Amino acid sequence: MTYEVDLRAAPFNLDDAGVQWVESTIASMSVEEKIGQLFINHNNEFSPEYLDGVLENYHVGGIRYWTAPSAPVQEHIRYAQSKSKIPLLVASNPEMGGAGSCSDGTFVATHLQAGSHPDKSIARAMGRVGGVETAALGCNWAFAPIVDIHYNWRNTVISTRAFGNTPEIVVERAKEYFDGISESSMACAMKHFPGDGIDERDQHVVTSYNTLSYEDWNKSYGHVYREMISHGVQSIMIGHIGAPEVSRHFRPGLADKDVLPATLAPELLGDLLRGELNFNGLLLTDASSMVGLAQAMKRSELVPATIAAGCDMFLFFRNPAEDFGYMLEGYRNGVITEARLQDALRRILALKASLGLHTKTREELVPPAEALKLIGSPEHLAVAAEIADKTVTLIKDTAANLPITAATHKRIRLYGISAGADFTGADPLGYLKLVQEELERAGFEVHTFKSAAQRIAEGEEGVHFLSAILEEGTGDYADKYDAAFVFADVKGFAQEASIRIKWSTPMAAEIPWYVTEVPTVFVSLNQPNHLIDVPMVKTAIHAHAATREAIRATVEKIQGLSEFQGTFNENVFCDSFDTRL
């Protein structure tokens, strides 16, 4: 069954001129240009020569770029729009505000942070700031909001990227985010259909599954998608997530081996999303190099199969010449029918027309350089600071350790926990400098722990992990330090199926054995599930972000200078009794 697009209906709502532009543009395109519109390129270089090659050889319909400072990003987008025959959809990931769009953008809040206070307007502010800063760059398409539901505390790919663990909080905050970012005339792509948060694994590295029954899916994720579709969301990013029981509702008897991720499943895209949910907007795949998709079938087959199944756009080439060839061959051999291609093209161009891109000159598609003053502005940083103050959350203080001040506990032993260096090359413990600065600003005397590996890297001789343990764990610990603070910024992206604390060595010296010696405060700057690994700590705080705003607010609250206002859900206790002690 086919589900033809209605250009005049929501979410496109085109007038006669818009419809005419869509149809006449399609009629004017060569086969190669039509195939190119199906692709969203990840621009890995900023040189004009690189862009010329992408646009001239592959005629892409959209771009996403490597995160960089705002000035070169804007200039890159300006050049791309000036060279493209058809206006480009320019996407970014403003999931946390402007920070997801450029490296100097404002980190406003994570999705979880925006769901960790009764004030729903936090999510609107996150969307508004993200929209203003993203639009200033020349972007017109936000890969947000995230409408996954964090049911499984072990799931770490969306643990900070979901508004919460109930459909109600997700719907409420996602609508607020959408309304905020829509003030900047930005199209949204909510993600990741059919819904993450059940499986504990990350579809970047393995196909994951939403194993709910059709009835339970409808009550939870289905409710979220119905509400957001009615609210006007323009596009949906399809996850490399299978939904076996939902697929079997439409395909009774479907064998386990035939369960495919939603990106390749016509029963989920067509029967469910287009049919039952009546979504008329654009569907795009999640990143196509993710193993959740790549493991399903040969690349030559899966590239056209995503479009044949019902996706309208394909996110990122792996090898541009190969993928373009696979898509073209898929059309020529009938995997992608003429009707399916025409429908996808209409939805792509309709999204562009709904943003008014077809009525603008190439110069008007990107704001002037002065617009960059909005990015990271004092006003936006003040919004971030206000949200940090509201959302820093006290999970527990069962030993009544707080408040801790420089007057009562002058000497602080400071520990930093990270997941180690990742693909970005950034210092994984760089945030500790901010922590130390804020503690010293409050009058504390800070003694920062260094692991055996750090000391060896600095040229120290004769040190190894056992010697570090022995040196740290001496009986005079409480004579040297008045309290211990542990700040964890544990991140992982597309490199592991789940994220847990990995200590620097076996039985590492930084593991909170010292809770029996001095008051100890554990602060998470990212993941909400760390108590499973540090249940022995009696004081646990979730600060949500490794920004100066969040760290400063946390230090103030540790001292009792302001109240903890943030809220949390039961996931923080990780289904284990000892985490509550």
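Please read all numbers here as calculations on a predicted model, not as lab measurements. (Residues numbered from 1 in each chain as written. Predicted model: local features only at pLDDT ≥ 70, side-chain atom pairs only at ≥ 80, totals over all residues. Heavy atoms only, no water.)

Novice: Whenever I open this one, the sheet that holds strand β5 (residues 187–193) confuses me. Can you help?
Specialist: Working definition: the strands of a sheet are paired by backbone hydrogen bonds and lie parallel or antiparallel to each other. Taken together, the eight strands give an open sheet; going across it, the order is β9-β7-β5-β4-β3-β2-β1-β10, and neighbouring strands pair in parallel fashion. Each of the sheet's edge strands pairs with one partner strand only, and the pair in question is β9 (282–285) and β10 (314–315). Two strands pair when backbone bridges link them, and strand β2 (residues 62–65) and strand β3 (residues 89–92) are joined in this way by three bridges, in the parallel orientation. Across the sheet, the residue bridging to G62 is L89, located in β3. Contacts from helix α4 (residues 70–83) reach β1 (39–43), β2 and β3, with the element oriented near 160° to β2. Against the sheet, helix α14 (residues 338–354) engages β3, β4 (141–142), β5 and β9, with an angle of about 110° to β9. (Pairing = 2+ DSSP bridges. Helix = DSSP H or I, 4+ residues; strand = E, 2+ residues; numbered from the N terminus. Contact = heavy atoms within 4.5 Å. Axes fitted to C-alpha atoms, helices over the stretch in contact; angles between N-to-C directions.)

Novice: Got a minute to help me understand the sheet that holds strand β16 (residues 539–542) in this structure?
Specialist: A sheet is described by the order of its strands in space; here six strands give the open sequence β11-β16-β15-β14-β12-β13, paired in mixed fashion. At either end of the open sheet lies a strand with only one pairing partner, and these are β11 (393–397) and β13 (445–448). Each neighbouring strand pair of the sheet contributes to a mean axis angle of 20°, computed without reference to strand direction. Contacting β12 (411–418), β13 and β14 (483–489), helix α16 (residues 431–441) runs over the sheet at an angle of about 160° to β12. Packed on one face of the sheet, helix α20 (residues 548–558) meets β14, β15 (520–524) and β16 and runs near 155° to β15.

Novice: Is there a simple way to think about the packing of helix α6 (residues 121–137) against helix α7 (residues 167–182) in this case?
Specialist: For any two helices packed against each other, one specifies the crossing angle of their axes together with the interaxial distance. In the contact formed by α6 and α7, the axes pass within 7 Å of each other and the chain directions differ by 30°. The orientation of α6 relative to α7 falls into the category roughly parallel. Crossing of α6 over α7 shows right-handed handedness. Contact with α6, carried on its side by S121, A123, R124, M126, G127, R128 and G131, involves R173, E176, Y177, D179, G180 and I181 of α7 and no other residues of that element. Across the contact of α6 with α7, the residue classes tally to four nonpolar, four polar and five charged. (Parallel < 35°, antiparallel > 145°, perpendicular 65-115°, else oblique. Left-handed = near helix turned anticlockwise from the far one by under 90°. Nonpolar A, V, L, I, M, F, W, Y, C, P; charged D, E, K, R; others polar.)

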